[in-house]
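Per-entry structural report
Letter by letter, the chains look like this.
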Amino acid sequence: MNNSNFYDVTKCDFGNPYEDIGKVINDIIAEVKVKQAKSCSNGNGKPGAVIYLPPADYHLKTQVVIDISFLKVVGSGHGFTSSSIRFNVPKKDWSNLHELWPGGSRIINDLPVDSTSSEKTGAAS
């Protein structure tokens, strides 16, 4: 199996995914674009790619714009469901919950937004 189009963000040489997952994903997308252009010029079509985020908390400080096809971004665990439950239960009831942070892949949106910015500026697109 050819893994040259599978990117584990913790094993890439594109920066520190824990400090700024956005920069890492943007650098991966740039590399995938080069691979897709080269493959198309050889008549082979565009290869797909997978960006994998192992279970952890990742801070998004640089906006990501996915503007290519055949790209999948995947994580692990069930962190979204558990986080959603946590934040929809009164704080006084949290002590009765189990597995609040169960080891999922989570992106924390740290994009700066102020009152003069458009909604798009703070979007994790």
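Residues numbered from 1 in each chain as written. Predicted model: local features only at pLDDT ≥ 70, side-chain atom pairs only at ≥ 80, totals over all residues. Heavy atoms only, no water.

Turning to the overall build of the chain, a few remarks are in order. Helices and strands together make up the secondary structure of the chain, namely two helices and five strands. Counting from the amino terminus, the chain carries its helices and strands in the arrangement β-α-β-β-β-α-β. When each of the 125 residues of the chain is scored for burial, the buried share is 30%. For the chain, the share of sequence-separated contacts (at least 6 apart) that also reach a separation of at least 24 residues comes to 61%. Summed over its atoms, the accessible surface of the chain is roughly 8100 Å², and 54% of this surface lies on carbon and sulfur atoms. (Helix = DSSP H or I, 4+ residues; strand = E, 2+ residues; numbered from the N terminus. Buried < 20%, exposed > 50% of the residue type's maximum accessible area, 1.4 Å probe, protein only. Contact = heavy atoms within 4.5 Å. Areas by Shrake-Rupley, 256 points an atom, 1.4 Å probe, with all protein chains shown as cover.)

The subject of this paragraph is the sheet that holds strand E2 (residues 49-53). Spatial strand order, E1-E2-E4: three strands in an open sheet with parallel pairing. The open sheet terminates on both sides in strands that have one partner only, identified here as strand E1 (6-8) and strand E4 (71-75). Going across the sheet, the axis of each strand differs from the next one's by a mean of 20°, ignoring polarity. Taken together, the five bridges between E2 and E4 define a ladder with parallel strand orientation. (Pairing = 2+ DSSP bridges. Axes fitted to C-alpha atoms, helices over the stretch in contact; angles between N-to-C directions.)

Working note: non-glycine residues mostly have negative phi, and peptide bonds are mostly trans. A positive phi angle, close to 65°, is found at Phe70, a residue other than glycine. Along the chain, Phe70 turns up in the loop between strand E3 (56-60) and E4. Take Phe70: its relative accessible area is 53%, and that puts it in the exposed class.

A word on the environment of Cys12. Along the chain, the position of Cys12 falls in the loop between E1 and helix H1 (21-41). On the basis of relative accessibility, which here comes to 16%, the residue Cys12 falls in the buried class. Separated by 12 residues in sequence, Cys12 and Val24 place their C-alpha atoms 8.3 Å apart. Setting aside anything within four residues of it in sequence, one finds Cys12 in contact with Tyr7 and Ile28.

This part takes up the pattern of salt bridges. Considering all chains together, one arrives at five salt bridges under this definition. A salt bridge links Lys35 to Glu31, with the nearest nitrogen and oxygen atoms 3.6 Å apart. Here Lys35 pairs with Glu31, and both are found in helix H1, just four residues apart, close to one helical turn. Lys35 gets classed as partly exposed once you look at its relative accessible area, which sits at 25%. (Salt bridge = Lys/Arg side-chain N within 4 Å of Asp/Glu carboxyl O.)

This paragraph deals with the confidence of the model for the chain. Do not read the predicted coordinates in detail wherever pLDDT is low. On average, the chain scores 82 in pLDDT, and the residues at 70 or more come to 78%. Element-level mean pLDDT values for the chain span from 59 in helix H2 (residues 79-87) up to 96 in E1. (pLDDT = per-residue confidence, 0-100.)

With that settled, the discussion passes to the packing of aromatic side chains. Under the definition given, this model contains three aromatic pairs. Ring centres 6.0 Å apart and planes at 25° place the aromatic pair Phe6 and Tyr52 in the stacked group. You can see Phe6 sitting in strand E1 and its partner Tyr52 sitting in strand E2, a full 46 residues away along the chain. With a centroid separation of 5.5 Å and 10° between ring planes, the pair formed by Tyr18 and Tyr58 is classed as stacked. (Phe/Tyr/Trp six-rings, centres within 6.5 Å; stacked < 30°, edge-to-face > 60°.)

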